[in-house]
Structure formats: structure tokens, C-alpha cells
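Structure at a glance
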There are 2 protein chains.
Amino acid sequence: MTELQRRPTLMDVAKAAGVSRALVSIVMRGAPGAAESTRQKVLEAARELGYRADSRARLLRSSRTKLLGLIFSSSQPFHAEIVDAAYAEASARGYEIALSAVATGRPEARAIETLLDVGAEALIIIAPTLSTEDLALHARRVPVVSLLRDDVGDLVDSVSSDDYAGIRIAVDHLASLGHRRIAHVDGGTAVSSDQRREAYRTEMLRHGLEPVVVAGGPDEETGMRAGQVLQADLPTAVIAFNDRSALGIMESFRAAGISIPADISVLGYDDSHFARLSYVQLSSISQDAPLLAAAAVDRAVDRIEGTLPPGRVVRTPHLVLRKTTGHAGAQKVGQN
Amino acid sequence: MTELQRRPTLMDVAKAAGVSRALVSIVMRGAPGAAESTRQKVLEAARELGYRADSRARLLRSSRTKLLGLIFSSSQPFHAEIVDAAYAEASARGYEIALSAVATGRPEARAIETLLDVGAEALIIIAPTLSTEDLALHARRVPVVSLLRDDVGDLVDSVSSDDYAGIRIAVDHLASLGHRRIAHVDGGTAVSSDQRREAYRTEMLRHGLEPVVVAGGPDEETGMRAGQVLQADLPTAVIAFNDRSALGIMESFRAAGISIPADISVLGYDDSHFARLSYVQLSSISQDAPLLAAAAVDRAVDRIEGTLPPGRVVRTPHLVLRKTTGHAGAQKVGQN
DNA sequence: ATCATCATCTAGATCGTTCTAGTCCGACCA
DNA sequence: TGGTCGGACTAGAACGATCTAGATGATGAT
């Protein structure tokens, strides 16, 4: 039968090659200080024995784990895209990623502890909900990068998308299509909701238009309810807090026989997976998850390796044009 | 400025509590051999210093990390539900979970390595795509549990949902509603697709009905295309490979003015998040992610702690009735 | 009074690495 | 020839936990 075999150690390789443990360590790490001939001899012996460094021991001694802790929420599809991109960037910079999810009955604090236990050298937290003080507390131990949230105090790095710019682009786009009655369905208590709502108000006024905010939330259900509210006095365009909300809004319109974009233009936010579906084709503001993720990883690695102080990185989102926005004149044609 | 403070060690706690390192170790592990009074004193000191055991050092010495490795795919929303439930069950059994994602450019093998490096004592892989041989190779080192796939050889545990039973329930349900022309849109190359397709064929024949299979896939786009194909000769009911496929199918019907369930009944599979949306209300076969996850975790822990041999756990799915399935007679009423 | 017993606690070895501080020895230079 | 330099190599101390073996002292039996 297959025996559970003890894995070979440095000592085994050293004996086989007839050198010291230390020298094998040098060779295995590719560090300078070994003659080419012995280097070959050692590598040969290691290959022979199927030697692989025990990372636990290595990490214990060197205090370098090359591990980045990434905390995401298992219920947010948008986070998955970030995770995906973060892996790519991390491996490009020679780091591994340790994941920890925030789930029901598993608060952020718990996720953080797990990551520190396995030896993460920095923490990247997507849309952290902890207080600034709690974040600062952890930041004293290890570099902390907040992703998608920027009011996190002086000790914590942040990489976020410029919500104001995103909304400005949204309002500009709709205004340039001739819309004057543009409503906003907000995100309720969700992260970034306040910023976007205020940006919307300011930008509408800048255009000389009257802002109309309808209470919403971050998902389809709240979006649908908001859509029904909107129907009492239908605007010609609506900016949703995010794509899921937009989906709900559109669904309520569809049920009422209101067509998009003929009767009303709908603009989402996030450019998520389902905005791209062929039967949805939702115009949306893209925060560009891959870019944000890469920036967060870069930031974390820079903090670990260099000694630069915490700082903020802000990226400007952009418009992804699809089929749910159109000229303001359109709805007259559609209704006649 | 705030100095990056060193993480407290056993020694620090020992000094603070005025006892030896060994005793602190005993207390922290909850091992017998410490007086209740000192136990309290030590715990107090540990709490004071914010002490947490360094899992690397612990592992190096004891080879016990109480860590379960869980591998999921970042692009599968259904996996997220499993992750969620797995956390709950693991912590109930006194284990932590280390996550590793399969993402673009990051194959399963890589995910496995990371988890082993971090010291996972067992691996739970959701819908593994590795060959039986490769899985067996890893299973020699550490217990491996395959989730949602059961053809994984003798060395690997599996926890899966009974695809045959699921399809049987689906066909029975529709047949009991009087449907006789029931089509199946399959999952193409997706895991479980073959099993469900064959189950569908067998069950249809058992009911004395003629099976009709339309090629599909695991997502909305392929579902929609299949829906268009179906329209050439519309059946009275369709069983989709999964909910996302069902969504696409329904979308194609909606575009063609075919109403559900009046003209046709649609049954999904997975009972996923969006099947529950108020404007979708998709009847679906539920695999019960939380139960599956819990079973997988239990299996992994049992394998680690006991010496029971690898085995298969199969759970029977169940029907979740919503608004997309109805009596076969209904479409006549609907059309008149 | 003596000794075994038991609960409680501690010293020191140990896990498999990396790192520090050397040793050794041949080559080169004055 | 003798001193210095530097490349190649090694011994032994970390890292932070666990584990084994044994010390300590109170208790109770003889």
C-alpha cells in the first residue's frame, strides 16, 4: 500500500550531497555563495529525493511569507471579479494571496485574525465595514489597504474609485443626450451610497437641473420598489446606485409596459457580469475591477517592501455604453 | 509615529503571567494539567496582550493547524453559498477555513499548493476538474473531499447531490401536472451535465414519454439560444440544466411573447439566489448548498481526526415550488 | 516518620528552516 | 616570503510553538 511518507528535509539532501544543511539552503534559495559544481550536485540530490522546502519552517525563520491577505464578502458577485484580478497581479509581483471571506456569522474581525495567523504580511479589505479606529488598530501591526472605501484614517491605505467623477460622467452623459429630468435611485445604507447621492445632487445643480432622489438599496428587490415609485411621475432618465438595482428598476418598468430606452433611459453602476448579458445590455459606469485590484495589490506590496507612508489612490471610472440609454427625444416618438 | 509592533509570543504571555512558556501553551490549547486559578490568570494575560498562537510555529512542531482548505471558483455564484455554509460548520467543529480560488490563469493545482503551504490538514474542492489520478496523488498526502462531483476514485472522499434523483423529481413533478411534452436543455460540457441528461432520458422513458434534449450550457447566453431553438416546436414544459440557463430560456420566451407558466412551464436547477427574486420566482431543484457544505466539512474533519476510510456521501435534492411551473392544461386556457 | 501518589508546573529538546559569524584555503601582491 | 583578501563552506543559534521527562510540594496511606 501507499505509505504516508515523511517528506525529505534539508538534512536529508545535505547528507545525500555530502555538504552542510546551510549550503543546501543557499542553493535551494538561489542565494549567492556556492560554487557552480556543488550547486549542481545539490540540485541533483534534491531532485532525486523529491525535496520541497517546508514553507512552515521557512516562514517561521525568515518572517517573510510573501503572503497578501485579501478579505471579501461571499455574497457580493462584484468582489469575485476583484479576487480574480488580485491573484493575477499578486503573482506578477511574486506574492501569493490568502483569502478570507466575510460570511453570515463571520464578521470582518474574524476574517482578519485568520489571515494574520497564517502569516499575511499585508491586508487588503474590500469595502471594509470596520470603524476607522479598528482599522487603525490593525494597521499598527501590518499594512492595511482599504479597497472601495476611502474614509479610513491616516494609517490605512485606500484604493478607491472616484464616486464623484463616476456620477459626473453619468449626469454629463444623460444631459448630453438631452435629458433634463434625471432621477437617482440611491443605495440606502450601502458603502458609497452617500457619496454618489451627494455627487448626483451637486452635478444636477451644476447643469441647472432639479435633482430627484428615490430611496433604494444595493439589490434587485429594492431597485424594483424604487422603480414603482418612479412611475408615479416618470422622469426621462434614471441613474441607479448599481447594476443590480438597475435590473430591478428595469424589471418594474417592463411589468408596467414602459420601454427602455424609448420611454426612459437607465444607467447602472459597476459594469458587472449581468450588465453585459446580451438581453440586458445595460449601459453602466465601470469602476474597472481589475485595475482597482491591481492598484490595491501594488499598494500593499509597496508598503511591505518599501517604507513609503500610507496614502490614497483614486481611479477615475468610465462609461460603458450599451443599449439602455438613448436620446431624450426618443420617448416622444415611442409614446406617439 | 506608531511603530510596527512585534506580535506577542508565548514567552511574552509567560512573563506577564509569571509562569513558564510550557504552561501557557497548555492553557492556550485547553490541554489538561493546569490549575483553574492559573488558567484564568494566563488567559487574562493573553487577552491583555492580544496574543494569538502563530500557526506556522504551531504547525512546525505539532502538525496540527486545525485548518481546512477550501477550493472554489471565483466565477461561480453558487460556490459562494457553499463557502458561506462551510465557514459555519467548520467553526462549529473547531476548525478554521483557508480559502483558495480557481481564477483565470490560476489552475486548481496552484490553488492546492497554496493551501498545503499554509498548512491545511484536509482539502475540500468544489467541483474539481483535475483527473482522478491527480486527485489521488494529493490524497496520499492529505484527506481530499470532492464536493459536487463523485467519480473521483477510491482515495478521495466525495459529497455530492444525487443528480439522478433531482431529475427524477423534476420529471415526476411536471408529469404530475399533466405535462407530456417535456424538453431538457442540457449543460454542455459542465460538470454533472452528462448525468442529468441521461437521468432525464431514462426518466422520460419510464413515464412513457419521448425525451427531447436541446444543447445548452451553464449560463444565460447558452440558455437563451436553446430557448430560441425550443420555439420551433414548443413543448409544454422544459427542465433547464441550471437556474442561469433557465433565466436565458425564459428571456427568449419573453422576447417571443410566450408566457410562463401559461404557455410553458420552466424548471431550474440549483435554487440559486436569483431564482428567489420576486420578479423571477423560478421553480427549481435545490441541492441545498448549506447541507452539502456541512457534509463536506464533517467528512473532512472525520477523516482528519478518525481513521475512517474515504467514502461517498450522496444527498437527495428537493423541489422548491415557485411560479414558473403550472398545470399542463393551463396553456390552453392561456391561449384561448 | 516515611514513602508513594497525584496534581501542578518547568527545563530543555525538538520541528525544518534561515541567518550570523565564523573557518579554511588558495591566490595575489608587495 | 608573509600578509591580506575573498570565495566556498560550515557550526550553531535563532524563529515560536509543542512535547517529553522530570522537579516540586501537598496529601494520604502505612
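The structure displayed is predicted, hence computed values, not measured ones.

A word on helix 9 (residues 193-206) of chain B
Residue and element names in this part refer to chain B. Over its 14 residues, helix 9 runs 20 Å from end to end, which matches the ideal 20 Å to within 8%, given 1.5 Å per residue. Looking at helix 9, one finds that the buried residues are Ser193, Arg196, Arg197, Ala199, Tyr200, Glu203 and Met204. Along the long axis of helix 9, the arc covered by the buried residues comes to 165°, so they all point the same way. Exposed residues pointing more than 90 degrees away from the buried face of helix 9 are listed as Leu205 and Arg206. Taken together, the buried residues of helix 9 touch helix 8 (163-176), strand 6 (182-185), strand 7 (212-214), strand 8 (237-240) and strand 9 (265-269). One or two residues past the end of helix 9 sits Gly208, with phi positive at roughly 75°.

Concerning the sheet that holds strand 10 (residues 284-286) of chain B
Residue and element names in this part refer to chain B. With respect to topology, 6 strands assemble into an open sheet ordered 7-6-8-9-10-12, the strand pairing being mixed. Of all strands in the sheet, those bounded by a partner on one side alone are strand 7 and strand 12 (318-320). Each adjacent strand pair in this sheet contributes to an overall mean axis angle of 25°, direction not counted. Alignment of strand 9 against strand 10, held across 2 bridges, turns out to be parallel. Bridge pairing in strand 10 places Tyr269 opposite Ile285. Along the sheet face, helix 8 touches strand 6, strand 8, strand 9, strand 10 and strand 12 and points at about 165° away from the line of strand 9.

As for helix 6 (residues 108-118) of chain B
Within helix 6 of chain B, the full set of buried residues consists of Glu108, Ala111, Ile112, Thr114, Leu115 and Val118 of chain B. Buried residues of helix 6 of chain B, seen end-on, are gathered within an arc of 160° and therefore sit on one face of the element. Against strand 1 (67-73) and strand 2 (96-102) of chain A together with strand 1 (67-73), strand 2 (96-102), strand 3 (122-126) and helix 7 (132-139) of chain B lie the buried residues of helix 6 of chain B. Gly119 of chain B occupies a position one or two residues after helix 6 of chain B and carries a positive phi of about 100°.

Points about the environment of Ala86 of chain B
All names here are of chain B. By the element assignment, Ala86 lies in helix 5 (residues 77-92). Exposure remark for Ala86: the relative accessible area of 3% places this residue in the buried category. Counting along the chain gives 207 residues from Ala86 to Ala293, while the straight-line C-alpha distance between them is 5.1 Å. Excluding residues that lie within four positions of it along the chain, Ala86 makes contacts with Leu70, Ile97, Ala293 and Val297.

Notes on the domain arrangement of chain A
If you check the domain split of chain A, you get domain 1 (10-62), domain 2 (67-161 + 289-315) and domain 3 (163-288 + 320-335). The C-alpha-based centres of domain 1 of chain A and domain 3 of chain A are spaced at 61 Å.

Focus: the relation of the copies chain B and chain A
In screw terms, the move from chain B to chain A is a rotation of 180° and a rise of 0.5 Å along the axis, fitting with an RMSD of 1.3 Å. Given the turn and translation reported, the copies of this chain are related as if by a two-fold rotation axis. Identified as the residue of chain B closest to the rotation axis by C-alpha distance is Arg56 of chain B, at 1.6 Å. Take the interface residues of chain B: 84% of them recur as interface residues in chain A, which is what a same-surface contact looks like.

What about the pairing of strand 2 of chain B?
Residue and element names in this part refer to chain B. With 6 of its 7 residues buried, strand 2 lies for the most part within the structure. Pairing of strand 1 with strand 2 involves 7 bridges; the strand directions are parallel. The residue bridging Gly69 from the neighbouring strand is Ala98, located in strand 2. With helix 5 bridging strand 1 and the parallel strand 2, this β-α-β connection has right-handed handedness.

Remarks on the environment of Ala165 of chain A
Residues and elements named next belong to chain A. By the element assignment, Ala165 lies in helix 8 (residues 163-176). Among the residues examined, Ala165 registers a relative accessible area of 3% and is labelled buried. Put simply, Ala165 and Arg196 are 31 residues apart on the chain and 9.3 Å apart in space, counted from C-alpha to C-alpha. With residues up to four places along the chain from it excluded, the contact list for Ala165 reads Thr316 and Pro317.

As for the protein's contact with DNA strand C
Contacts to DNA strand C come from 23 residues, most closely from Leu10, Ser25 and Arg61 of chain A together with Ala35 and Arg61 of chain B. The sugar-phosphate backbone supplies 64% of the atoms of DNA strand C found within 4 Å of the protein. At 2.3 Å, a side-chain N or O of Ser25 of chain A approaches a phosphate oxygen of DNA strand C. In this structure, a base nitrogen belonging to DNA strand C sits 3.1 Å away from a side-chain N or O atom of Arg21 of chain B. For the surface near DNA strand C, a count of residues per class yields 10 nonpolar, 6 polar and 7 charged.

What counts, and at which threshold
- Residues numbered from 1 in each chain as written.
- Chains lettered and ligands numbered in written order.
- Predicted model: local features only at pLDDT ≥ 70, side-chain atom pairs only at ≥ 80, totals over all residues.
- Heavy atoms only, no water.
- Helix = DSSP H or I, 4+ residues; strand = E, 2+ residues; numbered from the N terminus.
- Expected span 1.5 Å × (residues − 1).
- Buried < 20%, exposed > 50% of the residue type's maximum accessible area, 1.4 Å probe, protein only.
- Arc of directions from axis to C-beta.
- Contact = heavy atoms within 4.5 Å.
- Pairing = 2+ DSSP bridges.
- Axes fitted to C-alpha atoms, helices over the stretch in contact; angles between N-to-C directions.
- Domains from an automatic or database assignment.
- Least-squares fit on C-alpha atoms with pLDDT ≥ 70 in both.
- Right-handed = clockwise from strand over helix to strand, strands pointing away.
- Near = heavy atom within 4 Å.
- Polar contact = N/O pair within 3.5 Å; in protein donor to acceptor, adjacent residues only side chain to side chain.
- Nonpolar A, V, L, I, M, F, W, Y, C, P; charged D, E, K, R; others polar.

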